[in-house]
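Below are the chains, spelled out letter by letter.
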Amino acid sequence: MKTLVIAEKPSVAQDIVRALTPVAGKFDKHDDHFENDKYVVTSAVGHLVEIAAPEEFDVKRGKWSFAHLPVLPPYFELKPIDKTKSRLSAVVKLVKRKDVTRLINACDAGREGELIFRLIEQYAGGLKNGSYQPLGKPVQRLWLQSMTPAAIRDGFEQLRSNEQMLGLADAARSRSEADWMVGINGTRAMTAFNSRDGGFFLTTVGRVQTPTLSIVVEREEKIRAHRSRDYWEIHASFLAEAGEYPGKWFDPNFKKPTGDDADAELRADRVWSQREALAIAEAVRGKAASVKEESKPTTQACGLLYDLTSLQREANGRFGFSAKTTLQLAQSLYERHKALTYPRTDSRALPEDYLPTVRQTFEMLAGSGMKHLAPHAKTALDNSYIRPSKRIFDNSKVSDHFAIIPTLQAPSGLSEAEQKLYDLVVRRFLAVFFPSAEFMVTTRISSVLNHHFKTEGKVLVKPGWMAVYGKEAAEDVADAKEGDKGQNLVPVREGETVRTESVEPKGLKTKPPARYSEATLLGAMEGAGKLVDDDELREAMQEKGLGTPATRAAIIEGLLTEKYMFREGREIIPTAKAFQLMTLLRGLGVEELSKPELTGEWEYKLAQMEHGQLSRAAFMGEIAAMTERMVKKAKEYDRDTIPGNYATLSTPCPNCGGVVKENYRRYTCTGADGNSEGCGFSFGKSPAGRTFEPEEAEQLLRDKKIGPLEGFRSKAGWPFVAEIVIKFNEEDKNWKLEFDFGDDKKGEESGELVDFTGSESLGACPKCGSPVHEHGSNYVCEKSVPTLAQPTPTCDFKSGKIILQQPVAREQMSKLLETGKTDLLDKFVSMRTRRAFKAFLAWDKEAGKVNFEFEPRASKFPPRKTATGAPAKAAPAKKAAPAKKAPAAKKAAAAKTPKAPRKTTAASGKQPSAALAAVIGEGPVSRPEVVKKLWDYIKANGLQDAGDKRRVNADAKLAAVFGKPQVTMFEIAGIVGQHLS
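In what follows, the accompanying structure is described. As the structure is a computational prediction, the values presented were derived from the model and not from experiment.

Another aspect to go through is the packing of helix α6 (residues 209–225) against helix α14 (residues 518–526). The N-to-C vectors of α6 and α14 enclose an angle of 125 degrees; their axes lie 11 Å apart at closest approach. Judged on the interaxial angle alone, α14 and α6 are oblique. Crossing hand, α6 versus α14: right-handed. Here Thr212, Ile215 and Val216 of α6 come into contact with α14, specifically with Leu521, Ala524 and Met525. A per-class count over the contact of α6 with α14 returns 5 nonpolar, 1 polar and no charged.

Okay, structure coming up:
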């Protein structure tokens with residue numbers, strides 16, 4: 001009888017095997033597990049299963065209406081995650097083995113690790129009559145905070161019982177299911193509300209993503225509401241015996257205002273009228289000043305070791321890496337190069353038993369060829385800097401993972417970006433053991449009449465840890481670059497009188513708060529608990545924030561993908577769609593979805609559940625009630641608009657000249673006074689699910705057209721690109737918004753002549769040789785549209801300027817016309833799968849149109865053998881097998897003689913029907929031969945569909961075989977059988 005140990009990651013499974021081998025015996029390595037007489041050790045690769053709505057509740061995209069809401073399934077069905085299906089199958093197979101009688105959960109020591117194991121166990125039990133069946137195998141928990149062999153062996157000696165872990169397991173399931181319920185119902189309810197006027201306006205919400213978006217929107221609201229004010233600073237230069245030094249005027253009696261209405265822009269060194277600033281300058285210029293000075297030593301310690309969020313913030317600030325990029329680089333350094341420890345961590349400390357490992361890592365770095373790092377590692381070893389410290393080694397601050405540090409393996413072959421990130425982690429790892437940097441801070445007050453000027457100096461005395469950063473040290477010294485701070489001051493004797501040499505009032509303007517960068521947004525997400533007023537909820541969120549280090553990058557990327565935000569340089573700016581969502585949540589009275597308090601409340605209750613003070617049923621009942629309330633408020637909202645802070649456009653109404661104002665759903669005419677019902681002109685703010693920015697609405701109204709724009713969605717939810725125009729509608733006697741897809745047939749139908757005078761040709765038409773020009777949304781042959789020279793078109797060549805969201809530049813079309821195909825283009829988006837793909841655009845002579853051409857790919861499979869039995873390409877030599885008894889000569893000879901290919905005869909083959917024979921020829925044939933000949937014919941005649949290569953378009957001959965104009969490749973074998981007898 002054996003015990004199955006399930007770890008969260010393959011690397012942990014290997015660590016466990018290494019630790020157990022001395023006490024449990026040698027393990028044999030298999031494809032997906034290790035095994036000896038006592039243990040089977042395997043691993044997941046993170047989450048292997050996820051929650052899916054039971055089939056009767058899974059309403060397809062594009063049909064999200066209130067009729068199907070709320071979705072409160074009686075049970076939560078699990079489904080394999082596509083990428084890891086094979087891994088799940090392997091683990092489940094081991095779980096179900098009859099000789100496996102006990103399970104040990106060795107996933108990471110935390111809520112998420114508990115959930116990963118519990119869902120695998122549940123899925124393995126199988127679903128029957130609406131519930132998952134228990135496996136009936138006892139479960140124990142391995143709880144590790146350190147991965148040293150000794151710590152792992154100690155963990156196996158102190159396994160926790162299943163009963164001890166039920167609270168954590170309940171909290172883990174509840175958080176997962178609650179997130180699912182709020183995300184699914186919130187997204188579908190808000191989408192249904194916003195799609196009431198038609199179309200499909202996807203409006204995603206979630207417990208973490210929506211409060212994160214709210215933080216960005218609130219900052220932007222403050223920026224927009226900010227009104228710049230003039231103020232003055234008074235800068236002076238004082239002459240002492242030893243030389244000059246600067247000073248800045250300040251009010252020593254200033255007290256920072258407090259309270260909700262406090263003016264945050266007031267400062268001790270700001271004067272709010274030019275007259276007062278000039279008066280001070282005149283009063284002190286050329287006058288003598290007395291000096292008081294205070295100098296004191298101060299120290300500054302290095303920052304803590306990195307967790308993922310602090311690493312992402314630092315990499316964004318120093319190198320401009322996005323959070324997603326930093327995570328990918330760190331993951332590569334962990335998985336591929338084995339150079340960093342596990343990066344998805346929220347801990348900035350190391351386990352208390354890690355001191356020997358740290359010392360070994362310093363020895364590796366000191367002996368490595370990394371000249372910029374090795375000397376610092378050697379200095380630390382020579383001076384015995386590597387000592388126990390609660391700041392670095394603290395079990396109470398280690399969660400399911402410890403801080404990110406270098407491993408014992410020196411990397412090689414790193415990319416430039418990987419090297420930058422590796423150096424960043426190693427420098428912090430080295431520096432944290434070095435002594436604090438020491439400074440001498442001097443504060444000098446120069447008094448002239450009743451006016452006071454402050455001068456501050458901060459001089460580095462001993463660099464300490466800053467030596468590790470070399471030239472970068474100045475950037476790490478607080479205030480080192482703040483004008484009159486950070487310099488070495490000229491000395492002033494005690495009692496010396498100095499002279500005010502020059503005085504300059506500087507006129508400045510107050511600035512709005514800075515927009516978030518990814519670095520500052522990650523910090524805001526991490527510290528979101530500070531925004532919570534309730535003490536208990538804030539305490540519950542103290543260690544969590546919004547999301548986890550592992551998910552924050554994905555949350556930000558998700559908001560960017562859904563067009564709630566966009567990047568401009570390093571700034572993150574919310575879109576009109578984001579403001580619209582916040583307006584909607586406030587208007588419907590479901591603001592809790594946009595507040596960090598929701599996470600705080602959940603964390604507080606989940607902590608109670610972990611300690612047995614709250615039942616899972618009670619918590620999930622509250623979540624169901626909240627979900628029903630949220631859906632009900634959206635469903636029953638019956639007013640025309642939602643209150644909000646809306647824009648007024650400067651361009652007048654095209655119909656009556658009135659004022660056009662924004663409301664929740666539309667831009668509408670409000671009459672000449674801006675407060676009446678207007679003339680009836682209006683257009684939707686979010687046609688086909690894409691919300692106009694105010695500037696775009698202004699341009700549309702001014703120019704009567706805009707685009708082409710991306711981000712529209714059809715009623716079924718598929719993305720498309722289009723221009724938008726405002727045209728006068730004779731029937732309604734008013735202007736209306738329309739999509740313009742560049743369908744130039746309208747010109748043909750109206751007979752309107754196209755004038756290409758002054759238009760530069762892109763090249764010769766591949767059909768008729770005439771010049772090709774830009775026209776509307778297409779590139780067209782000049783003989784394919786009515787012109788003065790040829791009113792009746794004689795050619796039909798046309799190719800879109802945007803194809804499947806990929807813009808086709810003039811240079812690319814010129815290249816296609818000249819050489820037959822474009823460069824490889826990489827921004828096509830499949831209408832069917834919504835996935836991006838790369839392809840060439842090429843002229844398909846057989847089809848008479850522009851088609852896709854794909855890069856040749858190396859086959860995943862070994863080469864097939866030829867008719868003689870030899871492989872088509874030389875196979876790599878196999879390792880020689882151990883010598884065996886020679887087989888009988890007869891068998892050996894038989895093995896060497898290749899079989900002759902089997903011939904199809906009248907007896908062994910089948911006769912094709914007349915329709916099939918017209919395609920492949922007469923005579924008996926086997927089914928595989930038919931399929932091969934059919935595909936040869938299909939490819940030779942270019943009959944694969946351009947949009948989906950798995951579909952075949954029938955020509956006249958194939959139509960008689962298929963019986964319909966188009967079939968899928970999977971249907972062909974079945975159809976062939978009907979034509980063979």
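Another aspect to go through is unusual backbone geometry. Glycine aside, negative phi is the norm for most residues, and most peptide bonds take the trans geometry. A cis geometry characterises the amide bond from Leu69 onward to Pro70, with omega recorded as -5 degrees. The phi dihedral of Ser384 falls on the positive side, at around 55 degrees, and the residue is not glycine. Within the secondary structure, Ser384 sits in the loop between α11 (374–382) and α12 (416–431). Although it is not a glycine, Lys563 sits at a positive phi angle of roughly 60 degrees.

This part covers the environment of Glu496. Along the chain, Glu496 falls in the loop between α13 (473–476) and β17 (498–509). As for Glu496 and Lys292, which are separated by 204 residues in sequence, their C-alpha atoms are 9.7 Å apart. Not counting chain neighbours up to four residues away, the residues in contact with Glu496 comprise Ala240, Glu241, Ala289 and Val291. A distance of 2.8 Å separates the side chain of Glu496 from the backbone nitrogen of Glu241, its partner in a polar contact. Here the side chain of Glu496 touches Arg493 through a polar contact of 2.9 Å, landing on its backbone nitrogen.

This part covers the packing of aromatic side chains. Going through the model one piece at a time under the given rule, you end up with 28 aromatic pairs. Taken together, a centroid distance of 5.4 Å and an interplanar angle of 90 degrees make the contact between Phe362 and Phe433 edge-to-face. In this pair, Phe362 sits in helix α10 (residues 355–367) while Phe433 sits in the loop between α12 and β15 (437–448), placing the two residues 71 residues apart along the sequence. In this pair, the class of Phe362 matches that of Phe433, namely buried. Its guanidinium or amino end placed over the ring of Trp272, Arg229 lies 4.5 Å from that ring's centre, counting from NZ or CZ. One residue, Lys577, lies across the ring of Tyr564, its end atom 4.7 Å from the ring centre.

Okay, the nonpolar core next. Core analysis: the biggest nonpolar cluster contains 86 residues, and Met190, Leu213, Leu521, Met565 and Phe619 have the highest contact counts within it. For this core, the leading source of residues is helix α5 (residues 162–194), giving 10 residues. If near-sequence neighbours (up to four positions away) are discounted, Met565 is found in contact with Leu213, Val216, Leu521, Ile556, Leu559, Leu560, Ile572, Ile573, Pro574 and Thr575. Leu305, Tyr422, Phe434 and Val468 belong to the second-largest nonpolar core, a separate cluster that totals 50 residues.

The next subject is helix α19 (residues 616–636). Between its terminal C-alpha atoms α19 stretches 30 Å, which fits the 30 Å expected from 21 residues at 1.5 Å a residue. The complete set of buried residues in α19 reads Phe619, Met620, Ile623, Ala624, Met626, Thr627, Met630, Val631 and Ala634. An end-on view of α19 places all buried positions within 160 degrees of arc, on one side of the element. Counted as exposed and oriented over 90 degrees from the buried face of α19: Ala617 and Glu636. Those residues of α19 hidden inside the fold are in contact with α5, α17 (576–588) and α18 (597–610).

Reading the values: the criteria
- Residues numbered from 1 in each chain as written.
- Predicted model: local features only at pLDDT ≥ 70, side-chain atom pairs only at ≥ 80, totals over all residues.
- Heavy atoms only, no water.
- Axes fitted to C-alpha atoms, helices over the stretch in contact; angles between N-to-C directions.
- Helix = DSSP H or I, 4+ residues; strand = E, 2+ residues; numbered from the N terminus.
- Parallel < 35°, antiparallel > 145°, perpendicular 65-115°, else oblique.
- Left-handed = near helix turned anticlockwise from the far one by under 90°.
- Contact = heavy atoms within 4.5 Å.
- Nonpolar A, V, L, I, M, F, W, Y, C, P; charged D, E, K, R; others polar.
- Polar contact = N/O pair within 3.5 Å; in protein donor to acceptor, adjacent residues only side chain to side chain.
- Phe/Tyr/Trp six-rings, centres within 6.5 Å; stacked < 30°, edge-to-face > 60°.
- Buried < 20%, exposed > 50% of the residue type's maximum accessible area, 1.4 Å probe, protein only.
- Lys NZ or Arg CZ within 6 Å of the ring centre and 35° of its normal.
- Core = buried A, V, L, I, M, F, W, Y, C linked by side-chain atoms within 4.5 Å.
- Expected span 1.5 Å × (residues − 1).
- Arc of directions from axis to C-beta.

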